[in-house]
Amino acid sequence: MNKAVNNGVWSGTWVAQRLGVELEGDDTLSELLGLALRRNPKRAHLLVSHVLGKHVPQSPAVVHGHGVALGRRVRDLLGDREAAAAVVLGYAETATGLGHSVADGIGLAPYLHSTRRPVPGITPAGGFEESHSHATSHLLLPENPALLAGDGPLVLVDDEFSTGNTVLNTIRDLHQRHPRRRYVVVALVDMRSAADAGRLEEFAREIGARVDLVAAASGTVRLPEGVLEKGQELVTRYEEAARPSPTTPQSAVERVDLHWPPGLPDGGRHGFTPAHRIRLESALPQMAARLAEALPADARRVHVLGCEELMYAPLRLARELERITGAEVRFSTTTRSPVLAVDDPGYAIRSRLVFPAHDNPADGPGERYAYNVAGAGFDAVIAVVDSTADTPHLHAPDGLLAQLTAHTPQVLLAVVPSYVPERPSMLPEPLRGPAFSSYAPEDVGWLLQDLSDVTLEAPTEEREEAIQSGGAHYAESLPVEYQPTEQYQQLFHTALEESGTRLAQAVGAVTEIVLAERSPRPVLVSLARAGTPVGVLMRRWAQHRHGLDLPHYAVSIVRGRGIDANALRWLAAHHDPRDVVFVDGWTGKGAITRELAAAIAEFEATEGITGFDPEIAVLADPGSCVRTYGTREDYLIPSACLNSTVSGLISRTVLRADLVGPDDFHGAKFYRELAAADVSVHFLDAVSARFPEVADAVDAQAKELLSADRTPTWEGWAAVERISEEYGIHDVNLVKPGVGETTRVLLRRVPWKILARAGAGADLDHVRLLAEQRGVPVEEVAELPYTCVGLIHPKYTRGATGADGKAVTL
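Residues numbered from 1 in each chain as written. Predicted model: local features only at pLDDT ≥ 70, side-chain atom pairs only at ≥ 80, totals over all residues. Heavy atoms only, no water.

Once that is clear, we can look at the sheet that holds strand S10 (residues 210-222). Across the sheet, 6 strands lie side by side as S1-S10-S9-S8-S4-S5; this open sheet has mixed pairing. Looking at the sheet topology across the chains shown, the edges are occupied by strand S1 (22-25) and strand S5 (111-113). When the angles between neighbouring strand axes are averaged without regard to direction, this sheet yields 30°. Here strand S8 (residues 154-161) runs beside strand S9 (residues 182-190); their pairing, made up of 7 bridges, is parallel. Directly across from Glu160, in S9, lies its bridge partner Val189. Sheet contacts for helix H3 (residues 60-84): S8, S9 and S10; angle to S9, the most-contacted strand, approximately 160°. (Pairing = 2+ DSSP bridges. Helix = DSSP H or I, 4+ residues; strand = E, 2+ residues; numbered from the N terminus. Axes fitted to C-alpha atoms, helices over the stretch in contact; angles between N-to-C directions. Contact = heavy atoms within 4.5 Å.)

Written out as structure tokens, the structure is:
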């Protein structure tokens, strides 16, 4: 082994001779490591890295270069595609700078490090224990929880890999929350025993993931029997001699304003993205120049001293200073780790500065240390701290700055602003009637914002032509509310009278299935607005039959834009997402079913909030798109006949950038002016009045459904594809199957023709009347899988009916 590290003497000699500790392994091992004694009852020795930049001052180019080299090896291992999906996680406090440097080497990955500093208002996204350390609890506080929620490789970086316990604890905690296929462990040195190496492979098989290891060097530590007791005895014997004497300041402290870029994180405590890296790289030359200007002209040896977890920013400043000046620049950081100092060339920790903690730590006051700075002959020391650590304790007579001034002619202080993650705005409480909607306040809470004072309506043809020509989204405006004729209103009342019993039975059946299979106390969340009357009825059934007072909300979902993420955040903050059951009136071809599933998956990936089940509960599932339904018959649900006047006087939902900000709920209007025509509560009361008479039928139907195979066949989607081709449309988005969807076409779109199943009776009376009023032909079809299908006129809908809500090319 090449042990010419400290004036020809290996810096582990002192410990090796007195305790019999031996390093065995790669030829480079002793160049990377020395030995010292811990003041720690759990482990006697400390492996002291010469290239980490923690205990031993080192060239910042060497420190950063080792991390970058490891990162490049990781990128070669993963390949560019997987590297771009990776996240790098470093360990506090020792490896925060190393982990960040590894992320630099990968070049494509965001970086996060664990922390022992809680941040008020930031909820931990995870945590783990480091069993051998003097301070064990690690917190994960990403600003964006999605950093830990993806399924790309997770790269875990520590300075040494000894037992593997810390890594296993981390993977175990995170894998339970967000399983992934691949992990990469990175360390400067792999010092595991053969038994510990086997544990890692065994653990990988246990969790069903691949775990790779990348290290700069490897070896083992040979520990003789009784080494812990002998080490403690040595510490006790030498501690008194090593106790520092009172210091006398030699210099004053000069503060240097770095002009740190506003909003740029000071490190990886809350996440550091490739975009942040670009900003930092562009700002480093100017910041280092300010430090260089403040240095004495004759300074030949300059030390940049970071502060505990704040390693990376001081390291990069030191590297830039090294590049632009002729001085010999060295870098290290302060630490919590208590280590014995012995002034011997064969010992890794030659000197120790002791000072009180100055960053208001959660574990209370205590000693902190800077090693190998005193007596090192530095002409100037630049202390770099974050603003949280710039406290009176830092400037106290026994503080870090005072200790430094006793050992160097010039001390500069540079303060990096502590990054405070933007806390999401407090979302408002749900809107309720009678202030918003004609429903009773207990019937439903609307997770929407009130846009009643905004003009959003346009005639149907004009609206869709405008959308087509400008590529606007259908949810950015509203159609003019259809005002039914007296004849049409009479059809609604007739349909309600004739179908009330059938409707009540479907309400009861679907509610019983939800209670049996989804949750004994579900949180009903209707998809506004067609789902809202159904959600209210399901809530009423649960109260009537079981005495349950279920929460019920209405949220917005927009084709091509997904579900309102802020509404989901509100729900997750107030309820267990596993209890949430999404409710809609009916399925057509299943577009919203697919939209919701995709939206929930995206929300979980970006927010890190899991538990929402995208399975919709509906009254009628003629398209066979869901498992939770009251019936799969395609019949008239009277609430489909009308718009806002059967839905609490609430409009369709609106999503427009100038009206709905990133922290706002989607919008909707309350049409108070239509109160005279409102039948919302009448509809609910008419169906609820049938509950007692359908109780037995509901029990039988629910029992039958619960024992049946309800796996979706998506036969409705197949039928729509067939109809689209048969009628030369070639776009499923222009085909609206089922009574409910056909009614919507006639009320809100520009219909081309209506296909009606031959022999369909009263269920289509209102459809025939609307078609007659709008001059739309009704074509009877013998083998139609739905009661009816509405075809939208391509002339006006090219810009309104695509899968993304924008243009459709026919």
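Anyway, onward from the coordinates.
Okay, the pattern of salt bridges next. Taken as a whole and assessed by the stated rule, the structure comprises 37 salt bridges. The shortest N-O distance in the salt bridge between Asp80 and Arg75 comes to 2.9 Å. Using a relative accessible area of 47% as the deciding quantity, one classes Asp80 as partly exposed. Taking the relative accessible area as the measure of exposure, Arg75 reaches 25% and is therefore partly exposed. Look at the salt bridges and you will find they share partners, linking Glu82, Arg182, Arg210 and Asp212 into a network. (Salt bridge = Lys/Arg side-chain N within 4 Å of Asp/Glu carboxyl O. Buried < 20%, exposed > 50% of the residue type's maximum accessible area, 1.4 Å probe, protein only.)

On to unusual backbone geometry. Note the cis peptide between Ala92 and Glu93, where omega equals -5°. Locating Glu93 in the fold gives a position in the loop between strand S4 (87-90) and helix H4 (96-106). Positive phi, normally seen in glycine, also occurs at His259, with a value near 60°. Considering the arrangement of structural elements, one finds His259 in the loop between strand S11 (253-256) and helix H8 (274-294). The phi dihedral of Ser437 is positive, around 95°, even though this residue is not glycine. Residue position: Ser437 is located in the loop between strand S17 (410-416) and strand S18 (445-446).

Let's shift gears to the nonpolar core. Counting residues in hydrophobic clusters, the biggest one holds 127 residues, and the most contacted among them are Leu37, Val88, Val155, Val186, Tyr347, Ile382 and Leu404. Per-element accounting of this core gives the leading share, 7 residues, to S9. For Ile382, the contacting residues outside a window of four places in its chain are Leu291, Leu295, Val302, His303, Val304, Leu305, Leu321 and Leu412. Of all hydrophobic cores here, the second largest spans 75 residues; its members include Cys641, Phe683, Ala760 and Leu769. (Core = buried A, V, L, I, M, F, W, Y, C linked by side-chain atoms within 4.5 Å.)

A cluster of acidic side chains, namely Glu143, Glu422, Asp663 and Asp664, defines a negative patch on the protein surface. Within the element layout of this structure, Asp663 appears in the loop between strand S27 (628-631) and strand S28 (667-668). (Patch = residues over 30% accessible without salt bridge, like charges linked within 9 Å, V, L, I, M, F, W, Y side chains within 5 Å. Areas by Shrake-Rupley, 256 points an atom, 1.4 Å probe, with all protein chains shown as cover. Lys, Arg positive; Asp, Glu negative; His and termini not counted. Charge placed at Lys NZ, Arg CZ, Asp CG, Glu CD.)

The next subject is the pairing of strand S13 (residues 328-333). Of the strand pairs in this sheet, strand S12 (residues 301-306) and S13 are connected by 6 bridges, and their pairing is parallel. In the strand pairing of S13, Arg301 is matched with Glu328. You can see the chain leave S12, run along helix H9 (residues 312-324) and come back into S13, and the turn it takes is right-handed. (Right-handed = clockwise from strand over helix to strand, strands pointing away.)

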